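So the chains spell out like this:
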Amino acid sequence: MDPAPELLFYVNGRKVIEKNVDPETMLLPYLRKNHILFFASIRLTGTKYGCGGGGCGACTVMISRYDPITKRIRHHPANACLTPICSLYGTAVTTVEGIGSTKTRIHPVQERIAKCHGTQCGFCTPGMVMSIYTLLRNHPEPTLDQLTEALGGNLCRCTGYRPIIDACKTFCKTSGCCQGKENGVCCLDGGINELPELEAEDETSPKLFSEELFLPLDPTQELIFPPELMIMAEKPLQKTRVFGGERMMWISPVTLKELLEAKFKYPQAPVVMGNTSVGPAMKFKGVFHPVIISPDKIKELSVISHELNGLTLGAGLSLAQVKDVLSDVVQKLPEEKTQTYRALLRQLRTLAGSQIRNMASLGGHIMSRHLDSDLNPLLAVSNCTLNVLSREGKRQIPLNDQFLSKSPSADLSPQEILISVYVPFSRKWEFVSAFRQAQRQQNALAIVNSGMRVFFGEGDGLIRELSISYGGVGPTTICAKNSCQKLIGRPWNEEMLDAACRLVLDEVCLPGSAPGGKVEFKRTLMVSFLFKFYLEVSQILKRMDPGHYPCLANKYESALGDLHSRHHWSTLKYQNADPKQLPQDPIGRPIMHLSGIKHATGEAIYCDDMPAVDQELFLTFVTSSRAHAKIMSMDLSGALSLPGVVDILTAEHLHGVNSFSTETFLAVDKVLCVGQLVCAVIADSEIQAKRAAKEVKIVYQDLMPLILTIEEAIQHDSFFETERKLEYGNVDEAFKEVDQILEGEIHMGGQEHFYMETQSMLAIPKGEDQEMDVYVSTQFPRYIQEAVASVLKVPANKVMCHVRRVGGAFGGKVLKTSTMAAITAFAANKHGRAVRCILERGEDMLITGGRHPYLGKYKAGFMNDGRILALEVEHYNNGGSSLDESLWVIEMGLLKLDNAYKFPNLRCRGRACKTNLPSNTALRGFGFPQAGLITESCITEVAARCGLSPERVRVINMYKEVDETPYKQEINAKNLNQCWRECMAKSSYSMRKTAVEKFNAENYWKKKGLAVVPLKFPVGLGSAFAFGQAAALVHIYLDGSALVTHGGIEMGQGVHTKMIQVASRELKMPMSNIHLRGTSTETVPNANVSGGSMVADINGLAVKEACQTLLKRLEPIISKNPQGTWKDWAQAAFDQSISLSVIGYFRGYESDMNWEKGEGHPFEYFVYGAACSEVEIDCLTGEHKNIRTDIVMDIGYSINPALDIGQVEGAFIQGMGLYTIEELNYSPQGILYTRGPDQYKIPAICDIPTELHISFLPPSENSNTLYSSKGLGESGVFLGCSVFFAIHDAVCAARQERGLSGLPKLSSPLTPEKIRMACEDKFTKMIPRDEPGSYVPWNVRI
Ligand SMILES: Cc1cc2nc3c(=O)[nH]c(=O)nc-3n(C[C@H](O)[C@H](O)[C@H](O)COP(=O)(O)OP(=O)(O)OC[C@H]3O[C@@H](n4cnc5c(N)ncnc54)[C@H](O)[C@@H]3O)c2cc1C
Ligand code: FES
Ligand code: FES
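Residues numbered from 1 in each chain as written. Chains lettered and ligands numbered in written order. Predicted model: local features only at pLDDT ≥ 70, side-chain atom pairs only at ≥ 80, totals over all residues. Heavy atoms only, no water.

(A) Just the sheet that holds strand β40 (residues 1006-1019), in detail. Strand order in this open sheet of five strands is β20-β50-β49-β48-β40, and the pairing throughout is mixed. In the strand order of this sheet, the two ends are held by β20 (569-573) and β40, each with one partner. Strand-to-strand twist across the sheet, computed as the mean angle between neighbouring axes with direction ignored, equals 10°. One ladder, built from five bridges, connects β20 with strand β50 (residues 1251-1256); its direction is parallel. The partner of Leu 572 across the bridge, within β50, is Ile 1254. (Pairing = 2+ DSSP bridges. Helix = DSSP H or I, 4+ residues; strand = E, 2+ residues; numbered from the N terminus. Axes fitted to C-alpha atoms, helices over the stretch in contact; angles between N-to-C directions.)

The following block contains the structure:
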């Protein structure tokens, strides 16, 4: 073995030779940091860091390899964050910069995703582009199935995916059509729901983009695979390559013999193939391997051998290759032989995303023996064998329960290598199946999965062999061996099923405190899967031998079949710009996001993309591991002695400046939550800082009480400030008059912002006059400026805060960002060097808090006809350990809880609970999504009590025409009612309701649900009037170009695009002549936070005023030379000493709220809307599918319909996630478990409704606002609860059929667990239940 060879690969067509490669380096940081390539420096920052663990797709690149045997080049997508650079020898890497740029030529994929409005904050876009690009390299005219499959591993938090799908569809052969006959109908046949779509009078909406102008896809224009790499591959080096780093050695054997030698020499070294198991373990679990063996192109590991009775698959084949092989085989062989292969394909369809499937190897998957492996349970029941090899020779090991439990007698010895896996054909009368249920349909580890196989004696129907194994219910795959043994010889009937369920539950015993929680759900899934298998097999038996086997009862058949749907279809309807409007006036037109193309080419610069400053340092935080404890001691010596460590800041260093507003920066003496910042380690590099942070030793002594939940806070009277109250009418009197009174409560979980760009900041001391520049990803630069000035004890004029763009914020980049920025700036100031701080995803989720969990209690007095006459509501939110904005969230929740309803007598009160959790903060909607859900739950319950439909009760109680809100603000609800009526009509509500009822009557195990909710979203700042002011600065230069600056932050919503539209209209100047560089406290001082749906509203009015002032000033010049150009006018103004620079100012909407009196005018206007959603649930697994959503919104006059539709649908999908799958889990000690995309599931492409129809009401006058437009950033989130209530409806249908009375007690999010457990049946009754208090649960509901 030769040490230190050169690592050779290509990046974007350029050769890279690395002489001193560190094997610990992953491709992502390698690309993003400075490197010298052939005398040129490259920094490819287009590839983004989103999670570092393969779960988000932001770092997707294409890797191409030449196979000398097949003579083909394989292009596959890969997560750069998990790709060790040493594994890239001989490959060609293509990043987003390599396929196109504005400086050369943009690629059609880049162009179309931008022009179809598929980018908002743009942070996910390079990853999306590379996934699509790679697909097109392999399939230039892909099907929609292939497209959605290719994007399954890419998350986007902004767009809601619809526009990305639209962009992709333009590459499909038949782009307009769903290309399938789902449910027997194609979209062109008039609706996937087998029902007429929109009503006849609906005109087709104007298009948001024109396909005709797109660049054609020309495969001949792509980068060629470097011929040098082909020659290298044809003449493979016969020598192992060894790369030695500071701590790790990487050995890449190129022949089997060398591999065995290496394994002999280093038996403990892992054999790294895809690195998707070893990589995350090293990164997140602190596992370290001093030696890694990574075979390179060893052909024996890639074998695909078709044998007499089965297939032998090389351990080195990627899961994607296995999928391709199996897909091919099932086409060619008779069904009875391919039962196992079909079941494997079923699991492979949803296993991870496309990137991971292409990186991960079959061998790595099997050998990892993850407890939730999707393939091992199936391989274990299918009599598979492992072919293993060492220097001692070959042997075969059965892939069985003993192997999976790592029993030494059944495992590989440390010197052995897994070469291949033999997967036998199934036999006649043998049936194999696989099942899985996860929090999200795709790219989510299973909660429980299973492989099942039965073999019958020919014709006699008696069980000869039975194998059942489960994943997710133990430390590894568990085989129910004894149960299976006891069932041998029994006929396949219901008695057998019943016995099987009981035996399995007895054998696979899952303790109440099992890791992962959801214990009763897991138990139920085990038997539900068994039931599904029973039915599947019964159905086939019946088909094979109709005489012998009874027909399945019709109602049972619905237990079979998946809910997955892949074909997305959407319509968008908005009002076109007024035909009388000047063609160059961009207002009202669907203009592409100003940065759209740059997002897609990777040229858009985010905070961490900024080049390193000379002598820059990195700062990382050490956070508390206890929720409520005294800090007894802190030992920093170990950390300080490590190389590269410059300093460690504690509260002592910040003495006297250690807090700002409500927030303490670094913990003093005690900690109040896990994740609280305790100290900050500053080192020369990120790696050194992270290593040192692990060496900081803190001794804690726990303090009492530990308060985590809302209930505990109530019990301990632990609140922030006094309660907020609002009362309207005479509630007590009204309660005396009503027919019925009900009392109820609902709990709603929190939500993680999951902005794709984590918290990022760079503080640069200017070296003069104590000046400090702070580049930061924030929504509130002024606040950061103030916090930094305060910690540095300098006036604000010494601190400048700059924000070019933010990769998503949603409310999460305000207070916590200021704390971290202040500490970073303190460090920079102390050392006189620039300091960068970029949080990892896990740190970000742990530290920053999110949406407040809520407990809502209500007491409603109502008449039998559904009229609610009295309502009493209590709101409690879980504020966490510091006040943050918790009280303001409570206020907004109370002011907005009436939603669309007139409650003539209302009393509501709210309190923010102080708990030992990271402080919760603003998140899109700011209390409304929680308050609205509580109200809608109450309405649903009232409807049930009255025997009326929820929509009927909604209409009965809805505001009609002019009225007043509980805080006595006037409201004209005409448009609310119109939205509701249009939504009911466009969704064909009543027809579909009948269809749903028919479906439910015919299907026992699948149920559909339909729900419609109205929306009245008040826009304004409550009593915080001063927060509504805004300013803008407009300069005209002598060449006639304009520079616009304003106080709003571009965080994906497209505010800069809208501001340029405004300036363009006002100045009658083409948009191309106007530039906007970003936001800075230097140009617009004292700007307010960007949030609350008002960023474009208020800043637009300031820009408008600036432009109008300028025009007025120039009017004499312009009128003298009306045919002149802006260049002429600017020059003339200059010559006449007229200033060409103007500040525009908007003092904010008048707003006030007197909480003492309970009245005011806290809001400027209301956004109205309605959404109707239909879902289907699988009662046996709890899975749900979003079939269709119709949204109608009154958004006034849209300044940019493309951006506005983007806001509505993006918010809707975020809301859908909030109410259905996004679930935060905390341990009973207050530790957040869910710290990355692998544990916390935001909606992915598989979650969006199969059909999505969005339409806007025709514009209506809204005199005070910018061109009568309305702010839309937040309102759509609440509409996601239409999915919640549709699921609720489906669950009710299931329960009704099962004879269960009353409404189920459901809480948000309505996860598969809650859906399944609410659909009670014989299986839920069968499972063992643990006595509460008899065990310590894995998690607590906060
Ligand atoms: C984001 C993400 C999502 C995922 N989602 C899913 C999912 O939905 N369902 C699911 O089942 N799994 C999922 N996984 C897990 C994934 O399937 C495994 O990580 C993967 O299959 C491991 O393969 P690998 O080649 O990357 O293994 P590596 O990390 O390269 O190696 C893993 C282990 O296997 C050993 N090994 C590998 N090859 C050999 C060999 N030939 N001989 C001996 N030992 C060997 C190594 O020594 C090492 O210990 C996911 C992983 C990630 C990162
Ligand atoms: S950063 Fe690589 S997948 Fe998220
Ligand atoms: S545009 Fe996709 S995450 Fe922002």
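Picking up where we left off.
(B) Up close: the state of the cysteines. Applying the stated rule across the entire model yields zero disulfides. Between Cys 172, a free cysteine, and Cys 168, which holds the nearest cysteine sulfur, the sulfur-to-sulfur gap is 7.5 Å. (Disulfide = S-S within 2.5 Å.)

(C) Spatial organisation of the site of ligand 1. In the vicinity of ligand 1, 31 residues are found, and the nearest of them are Val 271, Met 273, Thr 276, Ser 361 and Asp 374. At a separation of 2.9 Å, an oxygen atom of ligand 1 approaches a polar backbone atom of Ser 277. One of the backbone nitrogen or oxygen atoms of Val 278 is found 2.8 Å away from an oxygen atom of ligand 1. Relative to its unbound accessible surface of 970 Å², ligand 1 loses 91% to contact with the protein. At the level of secondary structure, the elements contributing two or more residues to the shell around ligand 1 comprise α13 (362-368) and β15 (417-424). The leading source of residues in the shell around ligand 1 is α13, at five residues. Grouping the constituent residues of the shell around ligand 1 by class yields 15 nonpolar, 13 polar and three charged. (Near = heavy atom within 4 Å. Polar contact = N/O pair within 3.5 Å; in protein donor to acceptor, adjacent residues only side chain to side chain. Areas by Shrake-Rupley, 256 points an atom, 1.4 Å probe, with all protein chains shown as cover. Nonpolar A, V, L, I, M, F, W, Y, C, P; charged D, E, K, R; others polar.)

(D) Highlighting the nonpolar core. Counting 269 residues, the largest nonpolar core has Tyr 470, Trp 492, Phe 531 and Met 1193 as the members making the most contacts within it. Ranked by the residues each element gives to this core, the list is headed by helix α18 (residues 519-544), at 14 residues. Those residues in contact with Phe 531 that lie beyond four places of it in its chain are Leu 497, Tyr 556, Ala 559, Trp 1005, Leu 1180 and Phe 1323. In this structure, Ile 42, Ala 343, Ala 360 and Leu 378 belong to the second largest nonpolar core, which totals 79 residues. (Core = buried A, V, L, I, M, F, W, Y, C linked by side-chain atoms within 4.5 Å. Buried < 20%, exposed > 50% of the residue type's maximum accessible area, 1.4 Å probe, protein only. Contact = heavy atoms within 4.5 Å.)

(E) Molecular detail of the pairing of strand β49 (residues 1184-1194). Counting buried residues in β49 gives eleven out of eleven residues, a clear majority hidden from the surface. In this structure, strand β48 (residues 1165-1178) lies alongside β49, joined through ten bridges in antiparallel fashion. Across the sheet, Gly 1169 pairs through a bridge with Met 1193, a residue of β49. Bridge count for β49 against β50 is six bridges, and the pairing is parallel. Bridge assignment links Thr 1189 to a residue of β50, and that residue is Leu 1252.

(F) Here's a closer look at the side chain of Ser 433. Mapped onto the elements of the fold, Ser 433 is located in strand β16 (residues 430-438). Side chain to side chain, Ser 433 and Glu 536 meet in a polar contact 2.5 Å long. Non-local contacts of Ser 433, meaning those with residues more than four positions away in its chain, are made with Ala 343, Arg 346, Leu 378, Ser 450, Gly 451, Met 452, Phe 533 and Glu 536.

(G) Just the packing of aromatic side chains, in detail. The tally for this structure, following the rule as stated, stands at 29 aromatic pairs. Ring centres of Trp 1005 and Phe 1323 lie 6.2 Å apart, and the angle between their planes is 45°; this geometry places the pair in the tilted category. Placement of Trp 1005 in the loop between α32 (989-1002) and β40 and of Phe 1323 in helix α40 (residues 1322-1326) is noted, with a sequence separation of 318 residues between them. Judged by its relative accessible area of 2%, Trp 1005 falls in the buried class. When the ring of Phe 1284 is compared with that of Phe 1285, the centres are 5.0 Å apart and the planes differ by 70°; the resulting orientation is edge-to-face. Phe 1284 sits in the buried class, given a relative accessible area of 1%. (Phe/Tyr/Trp six-rings, centres within 6.5 Å; stacked < 30°, edge-to-face > 60°.)

(H) Inspection of the confidence of the model for the protein chain at higher detail. Overall, the predicted model of the protein chain reaches an average pLDDT of 93, with 96% of residues at or above 70. For the stretch residues 175-204, pLDDT sits under 50, and the model shows 70 contacts to residues farther than four places along the chain or on other chains. (pLDDT = per-residue confidence, 0-100.)

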